[in-house]
Amino acid sequence: MVGRLARGGRALTSPGRLLTADELLGPVDQVAPALLGCWVVTDRPEGTVAVRLTEVEAYSGEGEDPASHAHRGPTPRAAIMFGPPGRLYVYFSYGVHWCANVVVGPAGRGSAVLLRAGEVVVGESLAAVRRPSARVPRDLARGPARLTAALAIGPGDGGADVLDPASPVRLHAGEPPAGVSAGPRVGISRATELPWRFWETGAPSVSAFRPGGRRRPRSAGQD
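Residues numbered from 1 in each chain as written. Predicted model: local features only at pLDDT ≥ 70, side-chain atom pairs only at ≥ 80, totals over all residues. Heavy atoms only, no water.

Chemist: Would you mind showing me how to read the overall build of the chain here?
Modeler: Of regular secondary structure, the chain possesses 3 helices and 10 strands. Secondary structure elements in the chain, listed N-terminal to C-terminal, are β-β-α-β-β-β-β-β-α-α-β-β-β. Among the 223 residues that make up the chain, the fraction classed as buried is 52%. In the chain, of all internal contacts separated by at least 6 residues, the share reaching a separation of at least 24 is 65%. Accessible surface, the chain: about 9,500 Å² in total, of which carbon and sulfur atoms supply 55%. (Helix = DSSP H or I, 4+ residues; strand = E, 2+ residues; numbered from the N terminus. Buried < 20%, exposed > 50% of the residue type's maximum accessible area, 1.4 Å probe, protein only. Contact = heavy atoms within 4.5 Å. Areas by Shrake-Rupley, 256 points an atom, 1.4 Å probe, with all protein chains shown as cover.)

Now the structure itself:
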């Protein structure tokens, strides 16, 4: 589907096989770092873009994570988070931009992994058209809103099965990072002590860490 692209002095080939539901069934804080290096691929009429994930965040729905949209159960907004695994949960953050999450764990658990940042490895020119404010390639998908913009992910993708080969949004296996770091999640005001943000150590596309977040009454975090 795609050719070879240079990254850090080494070559990347096309994305690997699609992930399977079984690979997403573990605890969210174990599945999340395993997604680093995987490729998110979108096929649109104007072309294909792929992002290799370099940063993710875990959000649990088991009553232990008040920063998660699923903390209060399957509300209309968060119903997709309750499965089955592999569905795409897309939400509007602060009324400004879209964020994308992959549902993990068994159906009914309500856990998901936020796709926080990555590097564009296929379709860089198309991603740059979608992200005209990006001055350098590392900024094309550096942050959850930039990532969804580069991939043209929006509300119409909510509920998409990223494990389905016919889906316009897919999650493929990729080259895992040489090192993984963990720390607090970005921009939340609840459960800030959980080290549930995972990133490829030293990757230039990892988003800048900003502790804390806007407090909004009666709202779970994840924004």
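Chemist: Explain helix H3 (residues 144–151) here, please?
Modeler: Here H3 has its buried residues at Pro-144, Leu-147, Thr-148, Ala-150 and Leu-151. Down the axis, H3 shows its buried residues gathered within 160° of arc, on one side only. Those residues of H3 that are buried lie in contact with strand S3 (39–44), strand S4 (47–59), strand S6 (97–104), strand S7 (111–122) and helix H2 (124–130). A positive phi of about 60° marks Ala-152, the residue just after H3. (Arc of directions from axis to C-beta.)

Chemist: Could you clarify how one ought to interpret the side chain of Arg-185 in this entry?
Modeler: Here Arg-185 lies in the loop between strand S9 (180–183) and strand S10 (197–200). For Arg-185, a relative accessible area of 2% corresponds to the buried category. Engagement of the side chain of Arg-185 in a polar contact is seen with the backbone oxygen of Ala-58, the distance being 2.9 Å. Here Asp-65 takes part through its side chain, which lies 2.8 Å from a polar atom of the side chain of Arg-185. (Polar contact = N/O pair within 3.5 Å; in protein donor to acceptor, adjacent residues only side chain to side chain.)

Chemist: Would you explain the environment of Gly-183 in this entry?
Modeler: As for its position among the elements, Gly-183 is in strand S9. Residue class for Gly-183 comes out buried when judged on its relative accessible area of 5%. Spatially, the C-alpha atom of Gly-183 lies 5.3 Å from that of Arg-197, the residues being 14 residues apart in sequence. Setting aside residues up to four positions removed in sequence, Gly-183 forms contacts with Leu-194, Pro-195, Trp-196, Arg-197 and Trp-199.

Chemist: Whenever I open this one, the nonpolar core confuses me. Can you help?
Modeler: Buried together is how nonpolar side chains tend to be arranged in soluble globular proteins. Among the nonpolar cores identified, the biggest contains 54 residues, and Leu-19, Leu-24, Leu-35, Leu-53, Leu-88, Val-102 and Leu-171 are the most heavily contacted of them. Secondary structure elements with two or more residues in this core: helix H1 (28–34), S4, strand S5 (88–93), S6, S7, H2, H3 and strand S8 (169–172). In terms of residue count, the dominant contributor to this core is S4 (6 residues). Once you skip the residues sitting within four places of it in the chain, Val-102 turns out to touch Leu-24, Gly-86, Arg-87, Leu-88, Ala-112, Val-113, Leu-115, Val-162 and Leu-171. Formed by 5 residues, the second largest nonpolar core is a distinct cluster that contains Trp-39, Ala-50, Val-121 and Val-122. (Core = buried A, V, L, I, M, F, W, Y, C linked by side-chain atoms within 4.5 Å.)

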